[in-house]
Every structure is written in C-alpha cells, then in structure tokens.
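Chain by chain, the residues:
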Amino acid sequence: MTDFPGAPSGPRDGRRLRVLAAMSGGVDSAVAAARAAEAGHEVTGVHLALSANPQSFRTGARGCCTIEDSRDARRAADVIGIPFYCWDLAERFREDVVEDFIAEYEAGRTPNPCLRCNEKIKFAALLDKALALGFDAVCTGHYATVVLNEDGTRELHRASDMAKDQSYVLGVLDEKQLAHAMFPLGDTLTTKDEIRAEAERRGLAVAKKPDSHDICFIADGDTQGFLAKHLGTSEGDIVDESGTKIGTHEGAYGFTIGQRKGLRIGHPAPDGKPRYVLDISPVNNTVTVGPVEALDVTALTAIKPRWCGVAPEGVGTYTAQLRAHGGETSVTAELVGEELRVSFAEPVRGVAPGQAIVLYDGTRVVGSATIAATDRVPAGAAHSG
C-alpha cells in the first residue's frame, strides 16, 4: 500500500485507516482525497458549510465556501468513488473566525483568518468530530509534511516544494493534532500545473478551477467595506510622527501597519517621499504615518504560543516567517512565562500586532504565536535598506 510521510498509524489492516477528507471544492483537496483513496485507505469526503447564507459568500471560483464549491466537492467525491457529506459548521465559523476577525481589527490589530480557520475549524471542530465518529485521520490539500520520529512523536515540516509551502498557516497545530493529520500533497515535487494535470487524468472537473484567494467570508473582496458595515464609520485623525494632523479617515480599522496606498493625505511629506502607516490607535481613533525607515522592527513580543511538539526551553536560534507568503528571517527567541520574546538579526518591516510569527528549525515548524507588540529602531538610527 502506498502511503504518505508521517501518516497516522491505525489498527485496521495494519496501515489501512479511516480517513475524513476535507474537500473545499478546489483542485488541491480533491487530488489529496483521491491520493488517500488510491493509497488504500477508507476515505469519506466532507465539505464544511461555513455560512448560514452561502449566497453571501464569494461566488464563482474565488472562494471555498459557496454552494458552487460544495457541488464541486460532491462531484469530485463521486468521481473518486467515496461517500460524501456536508457538515454545517457555520455557527462555529462565525464565532471563532468571523467575529474574531472583526474584533481584532477593532482593536487595531491585523489578524490572519485562514490561520484561525485551520486552528479552530479544520483541526479542532472537524478533527474532534472526526475522532468522535471513529475516523483515524483528517486529510487536507495543504502543502506541508508530517515526519514520524523513531520515538513515535511527530513533527510538522515545510512542503518539499517551497513555492507551494503552507506550513505557516498550520503552525498552530499541536502534536496531538499532527498525530491525526494527513497531507498527501506535502512531499510532491510538482508544479501546480502538474497537480491540475493529475486531476484531469483522474477525471476531476475541478482540474481547471482557479485557486481560491482573498478572504472567503468577504463576498466582494472589500475588507474595509466589510469592516465598516460591522463597525460603522468613525472619523479620526491621520497624524505624522510629531503628532501633527495631516488628514482624516473614516475608521482606524481600515488601515494596517506598513500600508502605503489609500491614505488619502492631501499633501506630500516635507522630503517628498511616500508615507506609510506606522501605528493604529483604536483608543483615540488615530492613524500615525511616517517614512518607511520608521517601520523597521528589531524585536517583538508574541502571546498565545502553540507548539508543534514540546515547548522549547531557553534562548534558541531559529528562522521566522511573519506572513503567509513572506520569506524567512533569522531570529533568537525565548519563551518567558506565557510570552515569546523574539529578536531579529536584521531589522524587518511591516510587522503588525495580530499577525502570526511562526518559528522554524530548518524545515521543522517549531510553533506559532500571535504578535502583541514590537520594538522599533530608534528615530534617526533606522537603516535605509
């Protein structure tokens, strides 16, 4: 029987597992489910209904939560020849992902809803329900790998193909969850075109379906409009580093640290250079802007750490990733009580409270935490790179 790195071990037929395949309606999850079935496992497909009103979610092929997507998932399951169900997790999704997203922006932070969905929905609510029903593993189309150590522990590692690696949004998974996770695409050294070609060979109609992108629960892709609808408009000041008012806005929640476009400041900076969002204060509804050099961060404090295994002790040297499609940067990090203290070898820019920092030891994911505060380069000392 063909199998996958780090696959869960089960009592059935030696290696034959009962696998619940999360099928979003996209090509990756469909191919992952097909590979799990081809490997000889007893696979059941499930599509998660995450909206009480699916028509309000993104239509066409841009999302992963529409009626169209559920139908695509069902058709793929029929072709693969596996049972298929649709589970209603709309209320849980609203509470754990959508309301969290709104609350974080209201507090002046920049959340990652996809990471929160993986933590709270796909590998908490879904996995808990799967285990309760007697399944051994949850299979998804994420590009990441699980490594089984000789002592029986498991580690999460980057995908074989760094261009498709999605380990950043899986850094919230603990060892117990990894023990029941299956990622059939993680060790695939193929391009996305080859994955699509495989889907076509298997007769899956989603082979040519475009990838989902943006935030699935914001139907028109207008994040600021979505937040305004839920939080209302509230005019406030845009100020420079000295506190001088240089413009106004309709809600501080509509900005993110490092933002350059859409500031609507009527006149240029004295030096003629672009200005960027440096700080967002929900308390007085003020947005502070300044030169790009003022975005340089030398250290940060992160909270709510989650470890893909045993929590590290003492000061360690790692690489860190600060956004889903960002690069790696060298850091030293130490867990102090419930806080993760991180120092960067070189200053980095665009680091915002609310984002996740994921630590790596080589390709191994050490863990993830939520950025709470940053330390900036002192004024006048920032580098210009």
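The shown structure was predicted, so the numbers you read here are calculated from the model rather than taken from an experiment.

(A) Looking closely at the overall build of the protein. Along the protein, the regular secondary structure elements total 7 helices and 17 strands. Counting over 385 residues, the protein shows a buried share of 51%. Put simply, the protein shows about 17,400 Å² of open surface, and 49% of that area lies on carbon and sulfur atoms.

(B) View of the UniProt feature "active site" (unreviewed entry) in the protein. The UniProt record marks Cys 117 and Cys 216 with the feature "active site" (unreviewed entry), using the residue numbering of this structure. Spatially, the listed residues are clustered: although they cover 100 residues, their C-alpha atoms lie within 10.8 Å of one another. Within the secondary structure, Cys 117 is located in helix 4 (residues 113-132). What Cys 117 contacts, discounting residues up to four positions off in sequence, is Phe 93, Val 97 and Lys 122. Residue position: Cys 216 is located in the loop between helix 6 (192-201) and helix 7 (223-231).

(C) Spatial organisation of the sheet that holds strand 9 (residues 245-249). What the 4 strands build is an open sheet, ordered 9-8-11-10; its pairing is mixed. Pairing within the sheet leaves two strands with one partner each, and these edge strands are strand 9 and strand 10 (276-281). Averaged over all neighbouring strand pairs, the angle between strand axes comes to 25 degrees, with direction disregarded. In this structure, strand 8 (residues 236-239) lies alongside strand 9, joined through 4 bridges in antiparallel fashion. For Val 239, the partnering residue across the bridge sits in strand 9 and is Lys 245.

(D) Geometry of the pattern of salt bridges. Overall, the coordinates contain 25 salt bridges when judged by the stated rule. For Asp 72, the salt bridge is made with Lys 209, and the minimal N-O distance between the two is 2.8 Å. Here Asp 72, found in helix 2 (residues 67-80), pairs with Lys 209, found in the loop between helix 6 and helix 7; they are 137 residues apart in sequence, far enough to count as distant. Here Asp 72 matches Lys 209 in class, with each residue buried.

(E) Molecular detail of the environment of Ala 30. With respect to the helices and strands, Ala 30 occurs in helix 1 (residues 27-38). Put simply, Ala 30 and Val 206 are 176 residues apart on the chain and 7.9 Å apart in space, counted from C-alpha to C-alpha. Once residues lying within four places of it in the same chain are set aside, the contact partners of Ala 30 are Met 23, Ala 76, Ile 80, Leu 204 and Val 206.

(F) Main features of the environment of His 180. Tracing the sequence through the fold places His 180 in the loop between helix 5 (175-178) and strand 7 (181-182). Residue classification places His 180 among the partly exposed positions, given a relative accessible area of 22%. Remark: the alpha-carbon pair of His 180 and Ala 137, spanning 43 residues in sequence, is separated by 4.4 Å. Look past the residues within four positions of His 180 in its chain and what remains in contact with it is Pro 8, Leu 127, Leu 131, Asp 136, Ala 137 and Val 138. Looking at His 180, its side chain comes within polar contact range of the main-chain oxygen of Asp 136, at 2.8 Å.

(G) Quick peek at the confidence of the model for the protein. For the protein, mean pLDDT is 87; residues scoring 70 or higher make up 90% of the total. A low-confidence stretch, residues 56-63 stays under pLDDT 50, and its non-local contacts, those more than four residues away or across chains, total 34 contacts.

(H) Spotlight on unusual backbone geometry. If you check the backbone angles, Asn 285 has positive phi at about 55 degrees while not being a glycine. Within the secondary structure, Asn 285 is located in the loop between strand 10 and strand 11 (286-290). Not every positive phi belongs to a glycine, and Lys 304 is a case in point at roughly 55 degrees. You can see Lys 304 is positioned in strand 12 (residues 297-307).

(I) Highlighting the pairing of strand 11. Strand 11 sits mainly inside the fold: 5 of its 5 residues count as buried. Of the two faces of strand 11, the one lined by Thr 286, Thr 288 and Gly 290 and the one lined by Val 287 and Val 289 are each fully buried. Bridging between strand 8 and strand 11 involves 2 bridges; their strand directions are parallel. For Ile 238, the partnering residue across the bridge sits in strand 11 and is Val 287. Pairing between strand 10 and strand 11: 5 bridges, direction antiparallel.

(J) Molecular detail of the UniProt feature "site: Interaction with tRNA" (unreviewed entry) in the protein. Following the UniProt record, the feature "site: Interaction with tRNA" (unreviewed entry) maps to His 142 and Gln 355 here. Beyond its immediate chain neighbours, meaning those up to four positions away, His 142 contacts Asn 118, Lys 122, Phe 123, Gln 166, Val 169, Leu 170, Phe 183, Leu 185 and Gly 186. A distance of 3.4 Å separates a polar atom in the side chain of His 142 from a polar atom in the side chain of Asn 118. The residue Gln 355 is located in the loop between strand 15 (339-348) and strand 16 (356-361) in this model. The exposure class of Gln 355 is buried, given its relative accessible area of 13%. With sequence-adjacent residues up to four places away left out, Gln 355 is seen in contact with Thr 110, Leu 322, Arg 323, Gly 350, Ala 369, Thr 370 and Ile 371.

(K) Region of interest: the sheet that holds strand 7. Spatially, 3-2-1-4-7 is the arrangement adopted by the 5 strands of the open sheet, whose pairing is parallel. Single-partner strands in this sheet number two, and they are strand 3 (84-88) and strand 7. When strand 1 (residues 18-22) meets strand 2 (residues 42-49), the two strands line up parallel, connected through 5 bridges. Following the sheet pairing, Arg 18 is matched in strand 2 by Glu 42.

About the criteria used
Residues numbered from 1 in each chain as written. Predicted model: local features only at pLDDT ≥ 70, side-chain atom pairs only at ≥ 80, totals over all residues. Heavy atoms only, no water. Helix = DSSP H or I, 4+ residues; strand = E, 2+ residues; numbered from the N terminus. Buried < 20%, exposed > 50% of the residue type's maximum accessible area, 1.4 Å probe, protein only. Areas by Shrake-Rupley, 256 points an atom, 1.4 Å probe, with all protein chains shown as cover. UniProt positions renumbered as here; feature names shortened; annotations may be inferred. Contact = heavy atoms within 4.5 Å. Pairing = 2+ DSSP bridges. Axes fitted to C-alpha atoms, helices over the stretch in contact; angles between N-to-C directions. Salt bridge = Lys/Arg side-chain N within 4 Å of Asp/Glu carboxyl O. Polar contact = N/O pair within 3.5 Å; in protein donor to acceptor, adjacent residues only side chain to side chain. pLDDT = per-residue confidence, 0-100.

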